[in-house]
Amino acid sequence: MMKNIAVLPGDGIGVEIVAQAVKVLNCLQTDFGLEIEMEEGLVGGSAYDETGSPLPEATLTLAKKADAILLGAVGGYKWESLDIAVRPEKGLLGLRSELELFANLRPAILYPQLAHASSLKPEIVSGLDIMIVRELTGGIYFGQPRGIRTLENNEKQGFNTLIYKESEIERIAHVAFETAMKRDKRLCSVDKANVLECTELWREVMIRVSKDYSEVELSHMYVDNAAMQLVRAPKQFDVMVTTNMFGDILSDCAAMLTGSIGMLPSASMDKNQKGMYEPIHGSAPDIAGQDKANPIATILSVAMMLRYSLGSEALAIKIEKAVEDVLNQGLRTADIYTEGDKLIGTEAMGDAVVAALKAL
Ligand code: IPM
Ligand code: MG
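Residues numbered from 1 in each chain as written. Chains lettered and ligands numbered in written order. Predicted model: local features only at pLDDT ≥ 70, side-chain atom pairs only at ≥ 80, totals over all residues. Heavy atoms only, no water.

(A) Expanded view of unusual backbone geometry. The omega torsion of the bond from Q144 to P145 falls at 0°, within 30 degrees of zero and hence cis. Mapped onto the elements of the fold, P145 is located in the loop between β5 (129-135) and β6 (147-150). The phi dihedral of E100 falls on the positive side, at around 50°, and the residue is not glycine. Following the sequence through the fold, E100 ends up in the loop between α4 (88-98) and β4 (103-109). The partly exposed category is assigned to E100, whose relative accessible area is 47%. (Helix = DSSP H or I, 4+ residues; strand = E, 2+ residues; numbered from the N terminus. Buried < 20%, exposed > 50% of the residue type's maximum accessible area, 1.4 Å probe, protein only.)

Printed below as a string of structure tokens:
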């Protein structure tokens, strides 16, 4: 059955890397019988420039009617001084909340070919395979009240609210336990229950939901320790589940274990497996438009889209295999390059993945 994909390249390198992922989707259509139609929309700073909003109505409508969304990245220096309400990031956060994409899956897998590109010793990271499950539509990112107010003495005060309802914690807990069931059945819930009541409740709910999953071994870790353990002995983790902000921070940290943030895809899902798929890195304005960015995270996000939203595990595996073949050929963008590799640009990396796919 024909599936509809909303393609939202966004800003900065988003445009270049999404173009490579679209090449891969085109190849799946022509050579592997994938039935999709793609429609492009504006989001982020480029949307603001054109329409005055980082999430125009037309884009939201497009995203709502799509079966899945492919997103590049948003943001850039140009829009940093805008009011927070219309900053590019609001476009992304708006999509997440409007579509209720509460479950963010961020796998950190080390390709053996890149063991030497990691900033950690190869023996610490080789074989690394962690899944971070990040709550994505609640917590301090969305909590009210928020703002910057002026006190009586004219001093300004900034404030945000970390807030979670039991039902919000429960639904992300179920996703995390289900994810663990399909893997090594170990789940580590990350909180700051020694200081923050909100995450004391988080821990309580995790323990309650764990009763439905007796096969999964649940552990708890404070976030400061989790950050340390991720760089000390990352292979102790199988699945990690955490709040919106802790997940944002820990997933960047986990990404670097794999050699480059340019390698990591992500899926943001609603309760019906509809998802938005994006690389976890940002728009990298410093290298935008220079054919330097690594498109692999975005291409691997297409694999996640096939797996979770389009029901095609077989094609997902093909993309992952093609990426591995390209790495085996020694082809590298600058972020994963080490001495002796073949340095190539964004376009050439996209073409190489397509060629590898066709050769499968
Ligand atoms: C991410 C990003 C976003 C976030 C930004 C761009 C709003 O850092 O997806 O991790 O903080 O969630
Ligand atoms: Mg982030």
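(B) Geometry of the pairing of strand β2 (residues 36-40). For strand β1 (residues 3-10) and β2, the ladder comprises 5 bridges, and the chain directions are parallel. Within β2, the residue paired with K3 across the bridge is I36. For the crossover from β1 across helix α1 (residues 14-32) to β2, the handedness is right-handed. (Pairing = 2+ DSSP bridges. Right-handed = clockwise from strand over helix to strand, strands pointing away.)

(C) Summary view of helix α7 (residues 197-210). Here α7 is 14 residues long and its end C-alpha atoms lie 20 Å apart, about the 20 Å a rise of 1.5 Å per residue gives. Of the residues making up α7, those classed as buried are C198, T199, W202, V205, M206, V209 and S210. For α7, the angular spread of buried residues about the axis comes to 135°, placing them on one side. Check the buried side of α7 and you find it contacts β5, α6 (166-181), β8 (186-191), β9 (217-222), β10 (239-242) and α9 (244-257). (Expected span 1.5 Å × (residues − 1). Arc of directions from axis to C-beta. Contact = heavy atoms within 4.5 Å.)

(D) Structural view of the site of ligand 1. Lining the immediate environment of ligand 1, one finds E89, L92, R96, R106, R134, Y141 and D248. R106 is positioned such that a nitrogen or oxygen atom in its side chain is 2.8 Å from an oxygen atom of ligand 1. Taking R134, its side chain carries an N or O atom lying 2.9 Å from an oxygen atom of ligand 1. Protein chains bury 78% of the 320 Å² of accessible surface belonging to ligand 1 in isolation. If one sorts the elements of the shell around ligand 1 by residue count, α4 sits on top with 3 residues. Both domain 1 (1-102 + 270-360) and domain 2 (106-263) contribute no fewer than three residues apiece to the shell around ligand 1. (Near = heavy atom within 4 Å. Polar contact = N/O pair within 3.5 Å; in protein donor to acceptor, adjacent residues only side chain to side chain. Areas by Shrake-Rupley, 256 points an atom, 1.4 Å probe, with all protein chains shown as cover. Domains from an automatic or database assignment.)

(E) Quick peek at the packing of α1 against helix α11 (residues 313-328). Interaxial distance between α1 and α11 falls to 12 Å at its minimum, and their mutual angle equals 120°. By the criterion of interaxial angle, the relationship of α1 to α11 is oblique. Crossing angle aside, the handedness with which α1 passes α11 is right-handed. For the pair formed by α1 and α11, the contact residues are V24, L28 and F32 on the first element and L315, K318 and I319 on the second. (Axes fitted to C-alpha atoms, helices over the stretch in contact; angles between N-to-C directions. Parallel < 35°, antiparallel > 145°, perpendicular 65-115°, else oblique. Left-handed = near helix turned anticlockwise from the far one by under 90°.)

(F) Fine view of the sheet that holds β9. Read across the sheet, 10 strands follow the order β2-β1-β3-β12-β11-β4-β5-β10-β8-β9 without closing on themselves; strand pairing throughout is mixed. Both outer strands of the open sheet, β2 and β9, are each paired with one neighbouring strand and no more. Averaged over all adjacent pairs, the angle separating strand axes in this sheet is 20°, with direction ignored. Strand direction decides the pairing type here: β4 and β5, joined by 7 bridges, are antiparallel. Bridge pairing in β5 places I109 opposite D129. Along the sheet face, α4 touches β1, β3 (68-73), β4, β5 and β12 (275-279) and points at about 150° away from the line of β12. Helix α8 (residues 223-232) contacts β5, β8, β9 and β10 of the sheet and is inclined by roughly 105° relative to β9.

(G) Representation of the pattern of salt bridges in the model. If you walk through the whole model with that rule in mind, you get 20 salt bridges. Here D191 and R203 are joined by a salt bridge, their closest N and O atoms 2.8 Å apart. With D191 in strand β8 and R203 in helix α7, this pair connects stretches of sequence that are 12 residues apart. Connected through salt bridges with shared partners, the residues K23, E347 and D351 form a single ionic network. (Salt bridge = Lys/Arg side-chain N within 4 Å of Asp/Glu carboxyl O.)

(H) Local environment of the domain arrangement of the protein. By domain assignment, the protein separates into domain 1 (1-102 + 270-360) and domain 2 (106-263). Taking only C-alpha atoms, the centre of domain 1 and the centre of domain 2 are 23 Å apart. Contacts between the two partners involve 24 residues from domain 1 and, on the opposite side, 26 residues from domain 2. Roughly 2,100 Å² is buried in total at the junction of domain 1 and domain 2, and carbon and sulfur atoms are behind 66% of that figure. Considering only the surface of domain 1 that becomes buried against domain 2, R96, F102 and I280 emerge as the three largest contributors, covering 35% of it. Between the two partners, domain 1 and domain 2, sit 0 salt bridges. Here domain 1 and domain 2 share 6 residue pairs in polar contact (both at pLDDT 80 or more) between them. Going through the elements one at a time, α4, α10 (296-308) and α11 are the ones with two or more residues in the side of domain 1 that touches domain 2. (Buried area = accessible area lost by both parts, 1.4 Å probe.)

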